[in-house]
Each structure stands twice: as structure tokens, then as C-alpha cells.
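Tertiary structure, described
What follows is each chain in one-letter form.
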Amino acid sequence: MSSQGERSAAIADQERIEMLRTMVRIRKFESVIQNKFADAEVPGFLHLYIGQEAIATGVCQALEERDYLTSTHRGHGHCIARGLETDRMAAELYGKETGYCKGKGGSMHIADVNAGMLGANGIVAGGIPIATGAALSAKMRDTDEVAVSFFGDGALSEGAFHESFNQAGIWDLPLLGIVENNQYGEMTGLEEQHPPSALDDLTIYGEPYGVTRMRVDGMDVEAVYEATLEAVEQARNGDGPALIECVGYRFEGHHEGDSQFYRPDGELEEWKQRDPLLTYPRKLIDDGVLTEEEHQEIEAEIEAEIEDAIEFARNSDYPDPQQAYEGVYSDGGEQA
Amino acid sequence: MSTAAGDVEEMAVRDVINQTLGEEMERDDRVYIQGIDVSGRGGTSNILKGLDDRFGTDRVRNTPISEVSMVGSGLGAAATGMRPVVEVMYCGFLGVAGDQLLNQVAKMRYMFGGELDLPMVIRTKNVMGANAAAQHSQALHHWLAAIPGLKVVCTSTPADTKGLLKAAVRSDDPVIVFEHGGVYNRKAEVPTEDYVYEIGEAAIERPGDDVTVVATQNQLWNALEAADRLSAEGISVEVVNPRTISPLDTETIVESARKTGRCVVVDDTPLSYGTQSQLSATISEGAFWDLDLPVKRLGVDNVPIPFSPTLEDEVIPGTDDVVDAILDLA
């Protein structure tokens, strides 16, 4: 695994601050939503990304606006890192008509196709074939666009992963798979999900498909960023797909309400020592990129933004019930 | 519906598919084909033969044997500027691509707020009477028609194959086109001009007064033959081709039922929960007070399709069965 110490010299200060801001935005958004969910203001299911912020942030920082991405059931971080607005995201989570999907998708299906965000997805590995198609389309249209698919370690056990990367390997597609190894597939640990031969390097599943394989510390935003830059450049140059395993940890349960019976004592506390929301600001301050005061300002500014986003969601209208019948097809409504 | 009044050409269904896709690929660079053996062999029924020479293997693209990624990557391509036509060899293989069809293709537009165009066609075929055994012999349009978000058409004649396939390729929604192995070699006149049959419109294939038969695909040909036979006995049969299974043209079907007061519905899906049940319910709801007798359903008996010809013939309705059903009502 590459570590941040040897790599970060080349990253511009502005980009480092931007990455910090993105991580803070994801953490604060989700922490507030977590409370609103507990207060029963937010309906449905909630899968939090807390702990994995460095992954979405590092990856999306390396992308261009013209690139595509698909996400997962744990998708808020990917959306925010992609630049989606927290007010329309909050509105979607609240089921309001001002949400990204007009209240038809909710937490697991936020999408903004105009921003290249081809959707969070409630089915494990469900987005990988879609990203593969975006990569195919990019190639057939003779562009240098790249498609990135985020998925968890659990998705490596799904046929959709294997079919897609096999196809991407044969066709040399500009497809980048981000394996977010957060140590658990739902509520079952890695060792019950994969054979011992795969545990030390989950990118081994990409080996027969000829993908470029990288493995990075998923708590280190700069390591993620630099690995992604390299993979994206390769894909843009027509040199085919890549798979990056980002090794991290899910600080919250599989979903809210999960008792987390399966965590060994002390494991969470140990990973929290490496929380990127603690380590990265400290690093930027140590490197002289940021002052303590500036860090506090960022925190306060984003806190206010999230408060506004929640107010926007609360104050927005629920969709008119008749809207349930709209948007099934291009000609509008439901079928006769 | 724009129908042609000009020149016609006698063609087999299989040649119509090749010609139509060729025309659509000429018309729009974004249209491309992907599936198993689509290049070289020309797809599993050799129907696409020669399109690879005309358009290249980039646009007539062989995939690995991977129904999930074949369908799913078609969806991703459709969402990002292409207009894929995916061939799934037999409808029984749609099950392999189950999640992509059920949860991705069908729901993407709606879940994302209703504005994302997904111009995607999935061509597959129902098969009956080919002694191909249960995994390769089935009709499954009722399965996909039960999923809101998919449009499902059944092609039956050379003329509707052209009109419906063109409509499907030009649609901004996912359209599942069910062909039928039993009609690929059927010939009839096809207008030579460019036309589409609107998705969601049924057709009266043969007007009549005494009994309505609503029939799809191979059963449509059986119904037309039955109508011919019975006209000699003085029974006037109206034959309705739904063309689209979802959305169903309720109005045309109900109107015919109200006129004749007697209906047979015949289709190759299993009788339990098959297309016949939807058609029958639609007719009963819309034409109840005009019906003289209950709607009669004909379909495949509730067994997997057996291999041996004597067994297979037993469970699939044929022309004689359609004749008997009409006589029961007439």
C-alpha cells in the first residue's frame, strides 16, 4: 500500500483544502441526517458512509466533469464528493418534491445524470454493469470520458462484477472500479465473504480480466486521490480498466438500527484513531497549509450550509400524490 | 399509427428484422447491436447476418456469454448517449439478467425523477414447437409485462415486425421486443416505406361479427387459419392482434369484445397468471354487460414445455384448439 507521506508533495494546497472541505461536508451532512432519522424526520432506510469519506473524496477529486460514476446503497458520500448540492440531497431524503429525484428515489437512489452521477443503487453490484455501459458509450462516441463504479467488498461476490470486468477487459473499456473494503458485507465479516487467498488483496478478483490493480489506504485521502489519478489517466489514454481497493472501515452499522453485535471489542476505537476527519486537518495544519482558525471556519461554514440544507428540506413540499403516476415513461405517466 | 398505402414487398419476418435494423442503423449512428454471436453467425437465429459487414464489429458487437453485463451495459450506454439493441438469445435467458431488467432497466427513469431517457431495445424470442425442451421453449412476455417501467411488444407478422421494431428503436424508453421462433419464416406483404406502429396500439387483423379472437405471435397465425376455416361454416371471426402487451390497447380489444359479445384469448404463455388472464380480465371489466358468455382462455397447460414431439404437441394450443374454442362460444 502506498502511504501519504511519500506522495503528497505534488498536490496543490488548494486541492488539499478542497478535499478537506468535501470530507467535512460528507461527515456533517450524514451526522445531521443520522439525528433527523433518529427523530423520525427522515423516512425509510439509512446507510451511512461515516468513516469512508476519504475514499469518495479522493476518487472524485481525480475526475473531470465529463466523467461518469455509479454508486451504492451507501451513496451520500459519492454524491457530495461529486458536487451534488446538500439541500437537494436532504430534500430527497425527506421525500420532498425539490429532491434530486422529486421524492421518488430516496437515500438509496440519488442521481444527477446531468452531473454524470448515474445513480446510487440499492442492489449490491447493480451499478457496475451500468458504469460498464457508460464506459462503452464513452469509447464508442470517441471521447476520453471515464466511468467510475464505486462498490463494496461484498460486490466482488456478485456475478455482475465478474461479467462486467470480463467485458471491460475484453473491450479495453475506460472503467475504473473502486472497491471500498470497509471490512464488512452487511453484518458479516470479510473472512466469511471471501476465501483466505483473497483477503490480503481483494483486487485479485480482477486478475483474470487483465485490469490494473492497486491497493491503497482508504483512510488516506491523498493516497486514494493519487492512485485514482493514475488509473484515470491510463483509462483516458485507452489503456483499459483498473481496480483500486481502498482499505477502510465503516464507523456506523450496516444501516441505522443495526446493533453492531458483530464488531470485536476495541476494533471500532482502533480504526477511529485513523479517522480522516481527525488526521487530515492535523496534517494540513502541520504542513502549514491551513491554520487552526481556518479549519474552524471551514467547520462552521459547512455546519451552517447543512443547517440551511435541512431547513430547505423541511420547508419544501411533499410531492402531490398524483405525481406518483408521472415519470414512468418518456411520454409521462403510467401505462393504461 | 401511420400505415402505408404505397408499395409492398413479400418478405419473411426474419428478413424484415435484418432489413429494419439495417435501416435504423443507417438512419442513426447511435444505434448499435450487442449480444452473443451477433457478428459472424448473425445472432442465434442467423437473422442479423451481414450487418457486421455493413456496419463493422464495433456496432455489431459480440459480447461474452454474460446476460447481466450485456443488458446492464446496454442500459449504461443508453443513459449516456447511445441507442443499443441488445439480443438475448432465448427468452429463458432473461432470467440470468434478472436484476438488471427488474431493478435497473425498468426503474431507472422513474426512481431518478422521470427525466432520464433510456433508449434501449432488448430483442429476444419466445419459442414453441421446436422440440427444444423446457429451458429453450417458453413464452415470457407476461413476466416482463408485469414490471412497471418496461414496454413490452410481441411481433407476429412481417408488417408489424417492421413497424414495432422501428418504434422500439426510436423510443426513448426501454422496449422489450419479444419475437417468436415459430413465425420467423412466415411471409406476408410489408409496406416498403418507412413507418412505425405506435407502441400501445392493437390492430384488427381480420374483421368479423360473431366471435373475437385476441391472439399473439404464432397463435395469431393459428387464429387467422381458424377464422378461414370457420368462415366456410358461416361463422364470422374477428381477429385482434394486441401487438403491444404493455401498455395494452384496452380500447381496441374491449370494443371488439362489445361488438361480438364472445371472446377467445390465445397466447403461448402458461394459463395460470399468463397474458390470457390479463386480457380476459380487461375484457370482462370493459365489456361485461355486452358479453354473452365468459371469456375463453387458451394457452400452454401448466407444465414446463416437454421435449418429445408428442408431449410438446399435447400442451401447446394449435389451430384445432382455437377452432374448438370458437365453436364452443359461437
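Quick caveat, the model's predicted, so the values are computed rather than measured.

Conventions we followed
Residues numbered from 1 in each chain as written. Chains lettered and ligands numbered in written order. Predicted model: local features only at pLDDT ≥ 70, side-chain atom pairs only at ≥ 80, totals over all residues. Heavy atoms only, no water. Axes fitted to C-alpha atoms, helices over the stretch in contact; angles between N-to-C directions. Helix = DSSP H or I, 4+ residues; strand = E, 2+ residues; numbered from the N terminus. Parallel < 35°, antiparallel > 145°, perpendicular 65-115°, else oblique. Left-handed = near helix turned anticlockwise from the far one by under 90°. Contact = heavy atoms within 4.5 Å. Nonpolar A, V, L, I, M, F, W, Y, C, P; charged D, E, K, R; others polar. pLDDT = per-residue confidence, 0-100. Salt bridge = Lys/Arg side-chain N within 4 Å of Asp/Glu carboxyl O. Buried < 20%, exposed > 50% of the residue type's maximum accessible area, 1.4 Å probe, protein only. Phe/Tyr/Trp six-rings, centres within 6.5 Å; stacked < 30°, edge-to-face > 60°. Lys NZ or Arg CZ within 6 Å of the ring centre and 35° of its normal.

Attention shifts here to the packing of helix α1 (residues 13-38) of chain A against helix α10 (residues 276-286) of chain A. Residue and element names in this part refer to chain A. In the contact formed by α1 and α10, the axes pass within 10 Å of each other and the chain directions differ by 155 degrees. The angle between the axes of α1 and α10 places the two elements in the roughly antiparallel class. When you trace α1 past α10, the crossing you get is left-handed. Listed contacts from α10 to Arg-16, Ile-17, Met-19, Leu-20, Met-23, Val-24 and Arg-27 of α1 are Pro-276, Leu-277, Tyr-280, Pro-281, Lys-283 and Leu-284. The class makeup of the residues in the contact of α1 with α10 is ten nonpolar, no polar and three charged.

Turning our eyes to something else, we now look at the confidence of the model for chain B. Averaged over every residue, the pLDDT of chain B is 97; the share at 70 or more is 98%. The ipTM value of the predicted complex is 0.94, and its pTM value is 0.95.

Another point: the pattern of salt bridges. Residue and element names in this part refer to chain B. Taken as a whole and assessed by the stated rule, the structure comprises 42 salt bridges over all chains. Where Arg-170 meets Glu-24, a salt bridge forms, and the shortest distance between an N and an O atom there is 2.7 Å. Taken together, the positions of Arg-170 in helix α7 (residues 158-170) and Glu-24 in helix α1 (residues 13-27) put the pair 146 residues apart, joining distant regions of the chain. On the accessibility criterion, Arg-170 (27% relative accessible area) is partly exposed. Taking the shortest distance from any N to any O, the salt bridge between Arg-123 and Glu-179 comes out at 2.6 Å. Placement of the pair is Arg-123 in strand β5 (residues 121-126) and Glu-179 in strand β7 (residues 175-180), with a sequence separation of 56 residues. Each member of the pair, Arg-123 together with Glu-179, is buried. Connected through shared salt-bridge partners, Glu-23, Glu-24, Arg-27, Lys-166, Arg-170 and Asp-194 make up one network.

Another aspect to go through is the packing of aromatic side chains. Within the structure shown, the criterion is met by eleven aromatic pairs over all chains. With 5.4 Å between their ring centres and 50 degrees between their planes, Tyr90(B) and Phe93(B) make a pair best called tilted. Comparing Tyr90(B) with Phe93(B), the two get one shared label, buried. Of the aromatic side chains, those joined through ring pairs into one cluster are Tyr184(A), Tyr249(A), Phe251(A), Phe261(A), Tyr262(A) and Trp271(A). Its end group placed over the ring of Tyr318(A), Lys96(A) keeps NZ or CZ at 4.7 Å from the ring centre. Residue placement shows Arg243(B) over the ring face of Tyr197(B); its charged tip is 3.7 Å from the ring centre.

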